[in-house]
Amino acid sequence: MAETAATLPQPLGSRTRVLAWLQRYGVYASVLALLLFNVAFTPHFLEVANFRTQLIQVAPVVITALGMALVIGTEGIDLSVGSVMALSSAMVVLYLGYGAPVAIAAALVAGALVGAGGGALVAYAGVQPIVATLALLVGVRGLANVLVPQLTEFRNPALITLGSRSVLGLPLVVVIAAALTAVVAFVVKRTIFGRQLVAVGGNRAAAKLSGLPVRRILVAVYVLSGLLAAVAGVLATARLQASDPTSLGLLMELSAITAVVVGGTPLTGGRVRVLGTVMGALLIQLLQATLIKHNLPQSWTQMVQAVIILAAVYAARGRKK
Amino acid sequence: MDNGSAPVLEARGISKGFPGVLALDGVSFRLGAGEVHALVGENGAGKSTFIKVLTGVHQPDRGELRLRGEPVTFGTPLEAQRAGISTVYQEVNLVPQMSVAHNLLLGREPRGRLGVIDVTGLHARAADLVAGLGLRLDVRRPLRSLGMGAQQMVALARAVSIDARVVVMDEPTSALEPREVDTLFGVIARLRDAGIAVVYVSHRLEELYRICDRVTVLRDGRVAHTGPLDELERVKLIALMLGRDATDVRLRGQTEFSGDHTAKNGQPVVEARALSRRHQLHDVSVRVRPGEVVGLGGLLGAGRSETAKAIAGALPFDGGAVVVAGHAVRKGSPGAAIRAGASLLPEDRKAEGIVPTMSVRDNIALAALPRLSRAGIVSEARLDRVVTTLMKRLRIKATSPHQMVSELSGGNQQKVLLARSLATGAKVLLLDEPTRGIDVGAKAEVQALIDELAAEGLGVLLISSDLEELVEGSDRVVVLRDGVVVGELSGAEVTEEAIMKAIAEGGGADG
Amino acid sequence: MTTLEAAPAAPAKGERASQILQHHGALMVLAATVLIGGIAFDSFATPRNAANIAVSSSFVAIIAIGMTFVVISGGIDLSVGSSFVLAGVLAAYGSRYGVVVALLLPLAVCGTIGLLQGLVIARTGMAPFIVTLAGLLGMRGLMLAVSGEGANTYLVESDAFASLGQASFLGLTVPVYITLGLFALGAILLQRTGFGQSVYAIGGSEEAAALMGVPVARVKTTVYLLSGLLAGLAGALNAARLSSGVTILGAGLELDVIAAVVIGGTLLTGGAGGLTGTMAGVLLLGVIQSLINQVGTLTSSFQQVVSGAFLALVVVVQRLLHRAQHLS
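Each chain has its residues counted from 1, running along the sequence as written. Each chain takes a letter, starting from A, and each ligand takes a number, starting from 1, following the order in which they are written. The predicted nature of this model means local features are confined to residues of pLDDT at least 70 and side-chain atom pairs, given and counted, to a pLDDT of 80 or more, with totals for whole chains, interfaces and linings taken over all residues.

Enquirer: Please clarify how the overall build of chain A should be interpreted in this entry.
Expert: In terms of helices and strands, chain A carries 13 helices and four strands. In this description the radius of gyration comes from C-alpha coordinates, and the expected globular size is given by 2.2 Å times residues to the power 0.38. What you see for chain A is a C-alpha radius of gyration of 20 Å, in line with the 20 Å of a compact globule of 321 residues. The principal-axis extents of the C-alpha atoms in chain A amount to approximately 70 × 55 × 35 Å. In chain A, which comprises 321 residues, the proportion classed as buried is 55%. In chain A, the proportion of contacts linking residues at least 24 apart, taken out of those at least 6 apart, comes to 78%. Strands here are runs of E lasting at least two residues and helices are runs of H or I lasting at least four, both read from the DSSP assignment and numbered beginning at the N terminus. To sort residues by exposure, count the other C-beta atoms lying within 10 Å of each residue's C-beta; 20 or more gives buried, 12 or fewer gives exposed, and values between give partly exposed, all with C-beta atoms placed from the backbone. A pair of residues counts as a contact when their C-beta atoms, built from backbone coordinates, are separated by no more than 7 Å.

Enquirer: Could you clarify how one ought to interpret the overall build of chain B in this entry?
Expert: The helix and strand inventory of chain B stands at 17 helices and 23 strands. For chain B, whose C-alpha radius of gyration is 25 Å, the value lies close to the compact-globule estimate of 24 Å for 511 residues. The principal-axis extents of the C-alpha atoms in chain B amount to approximately 75 × 55 × 50 Å. Looking at the 511 residues of chain B, the share that counts as buried comes to 55%. Pairs at least 24 apart in sequence give 68% of the contacts found in chain B among residues at least 6 apart.

Enquirer: What is the right way to read the nonpolar core from this model?
Expert: Most often, soluble globular proteins keep nonpolar side chains buried together rather than apart. Linking buried Ala, Val, Leu, Ile, Met, Phe, Trp, Tyr and Cys residues through C-beta atoms within 7 Å yields a set, and such a set is a nonpolar core. Judged by nonpolar contacts, the single largest core of 377 residues is most densely connected at I309 of chain A, V167, A342, V428 and L430 of chain B together with I63 and L311 of chain C. Considering every element that reaches this core, the biggest residue donor is helix α10 (residues 214–240) of chain A, with 19 residues. Each domain's extent is set by a domain assignment, obtained either automatically or from a database. Residues lining this core come from more than one domain, with at least three contributed by each of domain 1 (9–46 + 60–242) and domain 2 (271–505) of chain B. The residues touching V428 of chain B, leaving out its near neighbours within four places in the chain, are V269, V270, V288, V324, G341, A342, L458, G459 and L461 of chain B.

Enquirer: How should the packing of helix α2 (residues 48–73) of chain A against helix α11 (residues 252–262) of chain A be read in this particular structure?
Expert: If you want to describe how two helices pack, look at the angle between their axes and the distance between the axes. Residue and element names in this part refer to chain A. At a minimum axis distance of 8 Å, the contact between α2 and α11 shows a crossing angle of 65 degrees. Classed by the angle they form, the pair α2 and α11 counts as roughly perpendicular. Like other packed secondary-structure pairs, α2 and α11 cross with a definite hand, here right-handed. Residue-level contacts link V61, T64, A65, M68, A69 and I72 of α2 to M252, S255, A256, I257, A259 and V260 of α11. Here, axes are lines fitted to C-alpha atoms. For helices the fit covers the stretch in contact, and angles between N-to-C directions go from 0 to 180 degrees. Convention used here: angles under 35 degrees read as roughly parallel, angles over 145 as roughly antiparallel, angles from 65 to 115 as roughly perpendicular, and any remaining angle as oblique. Crossing handedness follows the turn of the near helix against the far one: under a right angle anticlockwise gives a left-handed crossing, and clockwise gives a right-handed one.

Enquirer: Explanation requested: the domain arrangement of chain B in the structure shown.
Expert: How large an interface is tends to be reported as the accessible area lost when its parts come together. Residue and element names in this part refer to chain B. Taken as a whole, chain B is organised into domain 1 (9–46 + 60–242) and domain 2 (271–505). On a C-alpha basis, the centres of domain 1 and domain 2 stand 34 Å from each other. Listed per partner, the contact involves ten residues of domain 1 and nine residues of domain 2. Here the element with the most residues in the side of domain 1 that touches domain 2 is helix α8 (residues 234–242); it accounts for five residues. Considered class by class, the residues forming the side of domain 1 that touches domain 2 number five nonpolar, three polar and two charged. Asp, Glu, Lys and Arg are counted as charged, while Ala, Val, Leu, Ile, Met, Phe, Trp, Tyr, Cys and Pro are counted as nonpolar; the rest, among them Gly, fall into the polar class.

Enquirer: Can you walk me through the sheet that holds strand β15 (residues 319–324) of chain B in this structure?
Expert: Sheet strands pair by backbone hydrogen bonding; their relative direction is either parallel or antiparallel. Residues and elements named next belong to chain B. Two strands are counted as paired when DSSP detects at least two bridges linking them. Taken together, the four strands give an open sheet; going across it, the order is β13-β12-β15-β16, and neighbouring strands pair in antiparallel fashion. Only two strands of the sheet have a single neighbouring strand rather than two, namely β13 (281–288) and β16 (327–328). Pairing between strand β12 (residues 270–277) and β13: five bridges, direction antiparallel. Across the sheet, the residue bridging to A272 is V286, located in β13. Of the strands in this sheet, β12, β13 and β15 touch helix α9 (residues 304–311), which is tilted by about 115 degrees from β12.

Enquirer: What's the story with helix α7 (residues 172–190) of chain A in this structure? I'm lost.
Expert: Helical geometry note: an α-helix holds 3.6 residues per turn, so side chains three or four residues apart project in the same direction. Residue and element names in this part refer to chain A. Counted at 1.5 Å a residue, the expected span for α7 with its 19 residues is 27 Å, and the 26 Å between its end C-alpha atoms agrees. Within α7, the full set of buried residues consists of V173, V174, A177, V184, V187 and V188. Down the axis of α7, the sector holding all buried residues measures 145 degrees, keeping them to one side. Residues of α7 that are exposed and angled more than 90 degrees away from the buried face: A179 and A182. Of the surrounding elements, those touching the buried residues of α7 are α2, β3 (170–171), α8 (192–202), α10 and α12 (274–293). Here the expected span of a helix is defined as 1.5 Å times the quantity of residues minus one. The arc under discussion is defined with respect to the helix axis, by the directions toward the C-beta atoms.

Enquirer: Can you help me understand the interface of chain C and chain A in this one?
Expert: Taken together, the contacts link 34 residues of chain C with 36 residues of chain A. If one sorts the elements of the side of chain C that touches chain A by residue count, helix α13 (residues 300–326) of chain C sits on top with 13 residues. By residue class, the composition of the side of chain C that touches chain A is 22 nonpolar, nine polar and three charged.

Enquirer: In this structure, what is going on with helix α6 (residues 159–166) of chain C? I would like to understand it.
Expert: All names here are of chain C. Buried residues of α6: F161, A162, L164 and G165, and no others. Buried residues along α6 cover an arc of 145 degrees about the axis, so they all sit on one side. In the core, the buried residues of α6 are packed alongside α4 (99–124), β3 (172–173), α7 (174–192) and α10 (216–242).

This is how it looks when you write it as structure tokens:
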């Protein structure tokens, strides 16, 4: 109500402050806690080989989660990332005959096109993101399976390098994930596009009035998500030396969404926490690893993950109306 | 029309406060059976709060409500409803997707065999209700397929059907065509005949005089006047609403506006030519020259915000054109308007202004990002310079530019939005209620600022419900009523009485 | 009495057409598809084939009935797939104690979790998407825990229970009849009871519904309870059909269900739609699959492509219709 005159900002109650702190830093604290726990109680945890494995496993989740974070920042969602991974994997195999660079390019273009399609549905047709990307989830995986109906192996030196080589002791896939994190962080913090996309999610009406090209921004964000998912797919394929569109990336969207939400990026849009997203992915990964190493059943991971999501979103509640 | 017997609804000494503001101060009110009572007042007068107290949305801090002589308290709107007070809101609070019949009888559907809803009976009963108000419509249609007028009447029918003794109507005609208004008034007349009392909240004076028996005027949370409407002259009514004495001309000069700005002659910095938009604007033309402050006068719903938004590219229009600094601006594109040099400060800063998840700095820079970047990368240094300069100039009180804008006071938020407009290098500022809802100190600062900016050569289009502010701040005033320009005053002509007169009578022939 | 005609906003003809399309579009497309399929393929429009489609669609249909209620109320339930699998495992496990336990155990567990989800959504105002996402993960975990991390596939040990899923009359299995029965009951509940009207009202405008006296929290909680129960029932029946509690199903099932509901004309925004449309949507997806099988050379993956494209087409058309209805 524009009627009420000056209202002084209320001093934050201690409960609100705790919740706010939890939302911002909870994930870092949790990761730290888990790390310490493992250092203390898990044998062989501090070994290089272990770290390598963990990082390699978490890399594709991080990459797709980065794209997901951008989309969620605009108050949207992208359920198609897993299917895009499968499609990109299929494209790699199909175009491998022309050489690795072409194959990779084809995969990336495919991902971008799928993203453009989703973005157009959302921005121009006004379809809700969940339905638009749901349609893509179903259709694109089907397409991937049509193109490559069964597990197809290949031998390509360039891809082998991509999948297994290390740079300065770190696996290439991990380096790429780290590089992409840096790029996305840069985009969000330092570019017009990053500022604008956050404004679109924060208050779309205000963004529009400020002259922002809202529709173009929305399409771009879904294109980026598709692109990143394609990268993840290419890397996974390179590691496996095989393409299996039936199972590649299955349920990846769930992991990505979890990582983003737990990392402190609100589903209501308006803020993107890049580092938090990475931490969220690491948290889930560590959780799984901890449970496995201590011979706790896999079922626990799922249930704990569920609780963590609820807690993360509950804590985020009073922040944005 | 009966007010000899005991009132059906009575409020005694109602006071209600919120943090920082006293919205109602000892308001008393009497409503008789079969009476149509107008409740008027400008924004901030306490009208909405009073209605909310009557209908159970708020509970008064002091005072009491009496229904048919018995003291009552309403903890929720539902309780008020059950007690017989129904409200028909401006935004029809029914379910648009459901049919008229289902909306009318939600929660009270007639049952048939086995306890399931008797659909034929439902439609029959709904048709009866509707016919009882003198209407004829297909009750099976979805509510949203009807025009706003018909929807309002369905809401009214529902209110009546739950045995309401008092019906509160909040701005019921703001979205209606003249013909629909006639129908509505026919319905209200029936209600009156049936002994139901109506509280009619509106700013449309002709309508009040048509349908209402008595009037209560609220101003600054208090009752400024209450009595029969036919004893009150139109101009006097407006004067009461706006807190001015119609015959007593006193320049109190409590605003910070210093007086004349010397408008540079030559090409207007913005020109709206014959803007038209269905239901809202009819052939509206406004011109602002550099260094000039042009006020848009008129009551709520006159089309002031719509004019400003149309110029700013935020409201597509059907006819006419907008020219900024000599260049025609593509309609419907805020980006184009901003690039041409016109920037809008929206009326509702919460809904359309501030981005709550971003900092002060980012909010200020939002509309100017393309100018503050190179090759897509934001030049932080340049941005910081612009932000610091603006924050200092506008005296924005924040712990730092990085503070969350949602933590600032209303006045400072408004300044942030003003800074956002200035950061775009605007040549003309379209200010829609720039001092609404902010504290006195910030108000003064903003007014002084507007003066300064005009002196520097910016053009300003000023919309304000505060008549004093409008008069003292503007060089010229264009008066609107119901989307039509009914008067244009300049220089010495710009006085509160003249504006009020124009609002009340202006336009001459039927407009 | 002055009878005044209340003037409608949109021209009646165009508005009526788009309304019909929205409500019955799925049925019309279904009829058209069946017609075309019958002409194009000999073995398509046979009673045998129809029965096959009905049988294989019955489980999705049961879940979709519950999902329809949830979506009409303006929410969504992502947990139904996990509920389905969990119920299957519990049913198979419980069958060693007889048919009653085999049925009641999954219903009790899935119903309780559905109730919990509903309570959280109704009382805390958290987004249904997130709460049911957590439910999806939590129930999957629960399923794994109960089945020894997915290793144990319990066999159904009660013949009575197994017959629930396998016995057939007139070429249709029991689940199909159950589906029909639930559809009838559900339709009555949705269209002819105060509860059903409340669901529509909340989905149409929660604010208005509250002002009109609808017990919003109670109704919301109930729809999620219903959804959980029906997903549980479907899972139990599926276990009966397969004679075992298979642990690898269900991934993506919720999305099939949502797609069927959306294609059927129920808007994700809530407040509109119905069970007839949902059934048509379920059948349509089944028919598409059958048609693709008829072609023979195309795989089920192709069916997925078609389903995806179809879903996209349907929602775009829905949006266009929506815009046309509001452009006045």
